[in-house]
Amino acid sequence: MTRSFDDLVAEAEAAPMEGWDFSWLDGRATEERPSWGYQRLLGERLARASAALDIQTGGGEVLAGAGKLPPLTAATESWPPNVAKATRLLHPLGAVVVHDEDEPPLPFGDAAFDLVVSRHPVTVWWEEIARVLRPGGTYLSQQVGPASVFELVEYFLGPQPAETRRARHPEDARRAAEAAGLEVVDLRAESLRTEFLDVGAVVWFLRKVIWMVPGFTVDAYRERLRELHGRITEEGPFVARTTRFLIEARKP
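Residues numbered from 1 in each chain as written. Predicted model: local features only at pLDDT ≥ 70, side-chain atom pairs only at ≥ 80, totals over all residues. Heavy atoms only, no water.

1. Observations concerning the overall build of the protein
The helix and strand tally for the protein stands at 10 helices and eight strands. Against the compact-globule benchmark of 18 Å for 252 residues, the protein has a radius of gyration of 19 Å, which places it among compact chains. Overall, the C-alpha framework of the protein stretches about 55 × 40 × 30 Å when taken along its three principal axes. By residue count, 49% of the 252 residues in the protein fall in the buried class. (Helix = DSSP H or I, 4+ residues; strand = E, 2+ residues; numbered from the N terminus. Rg over C-alpha atoms; globule rule 2.2 N^0.38 Å. Buried < 20%, exposed > 50% of the residue type's maximum accessible area, 1.4 Å probe, protein only.)

2. A short note on the pairing of strand 2 (residues 51–54)
Of the two faces of strand 2, the one lined by Ala51 and Leu53 and the one lined by Ala52 and Asp54 are each fully buried. Sheet topology note: the strand 2/strand 3 (residues 72–77) ladder contains four bridges and is parallel. The residue bridging Leu53 from the neighbouring strand is Ala74, located in strand 3. Note: strand 2 against strand 5 (residues 113–119), three bridges, orientation parallel. The residue of strand 5 that forms the bridge with Leu53 is Val116. (Pairing = 2+ DSSP bridges.)

3. Remarks on the sheet that holds strand 2
Taking strand neighbours across the sheet as the criterion, the eight strands line up as 1-7-8-6-5-2-3-4 in an open arrangement whose pairing is mixed. Looking at the sheet topology across the chains shown, the edges are occupied by strand 1 (29–31) and strand 4 (95–99). Shown here is a sheet whose adjacent strand axes are inclined to one another by a mean of 15°, direction ignored. Here strand 7 (residues 183–196) pairs with strand 8 (residues 238–250) via 13 bridges, running antiparallel. Opposite Ser191, over in strand 8, you have Thr243 as the bridge partner. Contacting strand 7 and strand 8, helix 8 (residues 170–179) runs over the sheet at an angle of about 150° to strand 7. (Axes fitted to C-alpha atoms, helices over the stretch in contact; angles between N-to-C directions. Contact = heavy atoms within 4.5 Å.)

4. What to know about the environment of Ala111
Looking at the secondary structure, you find Ala111 in the loop between strand 4 and strand 5. Residue classification places Ala111 among the partly exposed residues on the basis of a relative accessible area of 31%. Along the primary structure Ala111 and Arg188 are separated by 77 residues, whereas in three dimensions their C-alpha atoms are 27 Å apart. When near neighbours in sequence (up to four residues on either side) are disregarded, Ala111 contacts Arg131, Val132, Leu133 and Arg134.

5. Some remarks on the packing of aromatic side chains
Counted according to the given criterion, the structure contains 10 aromatic pairs. On the basis of an interplanar angle of 85° and a centroid distance of 5.4 Å, the ring pair of Phe156 and Tyr221 is categorised as edge-to-face. On the criterion of sequence distance, the pair formed by Phe156 in helix 6 (residues 150–157) and Tyr221 in the loop between helix 9 (199–208) and helix 10 (222–235) is long-range, its members being 65 residues apart. Taking 5.3 Å as the distance between ring centres and 65° as the angle between the ring planes, the aromatic pair formed by Phe196 and Phe205 counts as edge-to-face. (Phe/Tyr/Trp six-rings, centres within 6.5 Å; stacked < 30°, edge-to-face > 60°.)

6. Considerations on the nonpolar core
Ranked by size, the top nonpolar core spans 34 residues in total, and within it Leu152, Phe156, Phe196, Leu206 and Leu225 carry the most contacts. Of all the secondary structure elements, the ones that give two or more residues to this core are helix 1 (5–14), helix 6, helix 9, helix 10 and strand 8. Looking at this core, the element that brings in the most residues is helix 9, giving seven residues. If near-sequence neighbours (up to four positions away) are discounted, Leu206 is found in contact with Leu152, Phe156, Met212, Val213 and Phe216. In terms of nonpolar packing, the next biggest core, distinct from the first, is built from 22 residues, Leu106, Phe113, Leu182 and Phe245 among them. (Core = buried A, V, L, I, M, F, W, Y, C linked by side-chain atoms within 4.5 Å.)

In structure tokens:
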């Protein structure tokens, strides 16, 4: 039996938001994964590093699942609930978690790390990354690409201007990295199928990824959400395209 709109929305509104764990969407949404396997690549780089920094670690889930950490490992995070979650997860593994407001400068000295990583950073301060990397050090990051899940964004906000749709383009990241003095050694991008199987998944996703529809609340978009519930019930999953790119850069 199809669950009611009110039941699905209430459940999504009551769900926890801490960490960067999307397991609440299991069975309610699907997303193809990039072919390069970021966590596997991360584990390979960590195994060769002596000092590593994970920027915007979220709840620390990705770093914790990547394998043995280097002798010196630090992670930064800005949102206090995530700082607490990452601390509980990463401290037993030997990593220190630092509360950082995601504004320059990074709270570390020059040339402190031979590996800097970040999965899905909201902002990237390239000059700071270059500063804290040792000569020969590496930056590895999987990032959200342009117009990611914009089928959903534009469902609520309407058509977006070309400059908004192009934001976060991988070639812009290449240019910014090179301007900071880094050498880009790998840059790959993919477009991936994403499905939302019920309106609760949409509500939870937009509460979690707050920059997709800024200021999103159920009350503000209740009628549009109700229409979406009807559409999914009658036609099946809401389909969008997620864009991701991998960038790896080295400091000469």
